[in-house]
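Working through the structure, step by step
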Amino acid sequence: MSKPGSNNLATRSVQIGVGRDEQTGGISFPIYPSATYRHPGVGQSTGYDYTRSGNPTRDVLEEAFAQLEGGARGLAFSSGMAALTTLFLHFSSGDHLVVSEDLYGGTYRVLDQVFGKFGLSASYVDTTDSAAVAAALTPQTRALLVETPGNPLLGVADIRALAALCQERKLLLIVDNTFLTPALQRPLELGADLVIHSATKYLGGHSDLCAGALIAKDEALGERLYFLQNSTGAIPSPQDCWLLIRSLKTLPLRMRQHCSGAQQVAEWLVRQPQVERVYYPGLPEHPGHALTREQADGVGGMLSFRLSSPQLAEQVLERLQLISFAESLGGVESLMTLPAVQTHGDIPEPERLRLGICNSLLRLSVGLEEPNDLIADLQQALRG
Ligand SMILES: Cc1ncc(COP(=O)(O)O)c(C=O)c1O
């Protein structure tokens with residue numbers, strides 16, 4: 001039975017799992033740690049046989065992923081990289097992918113150093129330029145993988161335009177929606193075929209678990225990806241599934257606050273003389289400002305900024321007190337990274353510098369602290 005208000009994202013998030021435990025009526029759906037399940041008889045099943053193939057807690061989470069992103073099938077993984085690896089196993093030797101050049105370094109590393117060995121090739125292009133994407137397609141291209149906004153430069157790709165191109169050329173459009181989450185951007189509604197997440201980030205939201213997600217628009221692709229998930233086995237534990245279910249209930253609320261905090265910090269950073277450039281699509285001068293407003297319900301909590309020297313960047317990282325100098329993003333706590341050394345360290349230096357990922361560039365994941373406290377921390381770190 002559908003519940004009243006079930007189309008509202010906040011309502012749907014809060015209601016994940018509520019009413020699903022029919023035996024006890026538990027509001028919080030339980031953790032099923034069992035690795036295996038008793039068969040009622042030969043050739044019979046309760047619907048669960050072995051936890052890699054299916055687990056009740058994971059089922060609730062996977063259905064929530066599908067519902068929030070508007071897909072036919074959601075699948076949960078032990079990390080974002082596990083989700084990406086499973087996805088890349090869908091392709092064959094000789095296939096070619098076109099991928100955003102403003103991309104998480106780990107995605108580049110697995111394509112370049114792992115899948116490259118098996119004959120899956122990739123070209124990296126500026127996916128904010130739909131004409132450049134069209135020019136990079138070859139007869140062997142099978143899919144376009146887009147991070148938007150990009151990481152760490154926050155470039156914004158036109159999902160609708162890229163979806164039209166992919167449809168015309170019969171390619172899969174895959175969007176890494178880690179930065180905005182379905183609370184702000186739903187790529188499947190804009191024409192994408194598949195969404196991937198590092199659920200370690202905003203979906204988990206508390207820097208206390210590692211997980212990934214794939215959400216397929218249609219059932220056939222979802223079934224194929226389920227086959228790969230079950231065959232290769234990179235599933236999350238039932239405990240982490242439960243923690244993610246709990247986190248998703250506050251996702252829309254958290255994302256709203258991340259957006260307003262990041263906007264405030266970005267507007268302050270722009271006015272600082274030591275800051276050469278701020279990358280945040282919420283600023284009117286950002287090239288993706290208007291497009292973000294068209295295709296997303298918010299700008300998100302991620303921003304990057306370039307300082308006047310690498311020495312100053314180092315000083316800031318050493319002097320921050322409230323904001324932690326740490327990898328990752330999307331948690332309630334603010335985190336600062338030096339992408340050139342951390343998240344993007346595996347991208348060859350000339351390529352990194354061409355993109356603008358230099359040693360003066362810092363990336364900030366704006367958490368849920370009072371924005372004025374974050375600004376005060378940045379101010380003292382910049383001043384030294
Ligand atoms: C945009 C993006 N996609 C994928 C990943 C990989 O996810 P995980 O670290 O959960 O394996 C990351 C990790 O930082 C990321 O930022």
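Every value quoted in this text rests on a predicted model; they were computed, and no experiment measured them.

1. Some remarks on the sheet that holds strand β11 (residues 335–337)
The strand order across the open sheet formed by 5 strands is β8-β9-β12-β11-β10, and the pairing between neighbours is mixed. Whereas interior strands pair on both sides, the edge strands pair on one side only; in this sheet they are β8 (275–279) and β10 (324–325). Sheet topology places β8 next to strand β9 (residues 302–307); 4 bridges connect them, and they run antiparallel. Bridged to Y279 within β9 is S304.

2. With respect to the packing of helix α2 (residues 56–69) against helix α9 (residues 238–248)
It is the contact of α2 with α9, at a shortest axis distance of 8 Å, that shows an interaxial angle of 40°. The two elements α2 and α9 cross, and the hand of that crossing is left-handed. Residue-level inspection shows T57, R58, V60, L61 and A64 of α2 in contact with α9, the latter providing P238, C241, W242, L244, I245 and L248. Residues of the contact of α2 with α9, tallied by class, amount to 9 nonpolar, 1 polar and 1 charged.

3. As for the pairing of strand β4 (residues 141–147)
For β4, a buried count of 6 out of 7 residues is recorded, marking the element as mostly surrounded by other parts of the structure. Across 4 bridges, strand β2 (residues 96–100) lies against β4 in parallel orientation. When the sheet's bridge partners are listed, H96 is paired in β4 with T141. Relative to strand β5 (residues 172–176), β4 runs parallel, the two being bridged by 5 bridges.

Conventions used here
- Residues numbered from 1 in each chain as written.
- Predicted model: local features only at pLDDT ≥ 70, side-chain atom pairs only at ≥ 80, totals over all residues.
- Pairing = 2+ DSSP bridges.
- Helix = DSSP H or I, 4+ residues; strand = E, 2+ residues; numbered from the N terminus.
- Axes fitted to C-alpha atoms, helices over the stretch in contact; angles between N-to-C directions.
- Left-handed = near helix turned anticlockwise from the far one by under 90°.
- Contact = placed C-beta atoms within 7 Å.
- Nonpolar A, V, L, I, M, F, W, Y, C, P; charged D, E, K, R; others polar.
- Buried ≥ 20, exposed ≤ 12 C-beta atoms within 10 Å, placed from the backbone.

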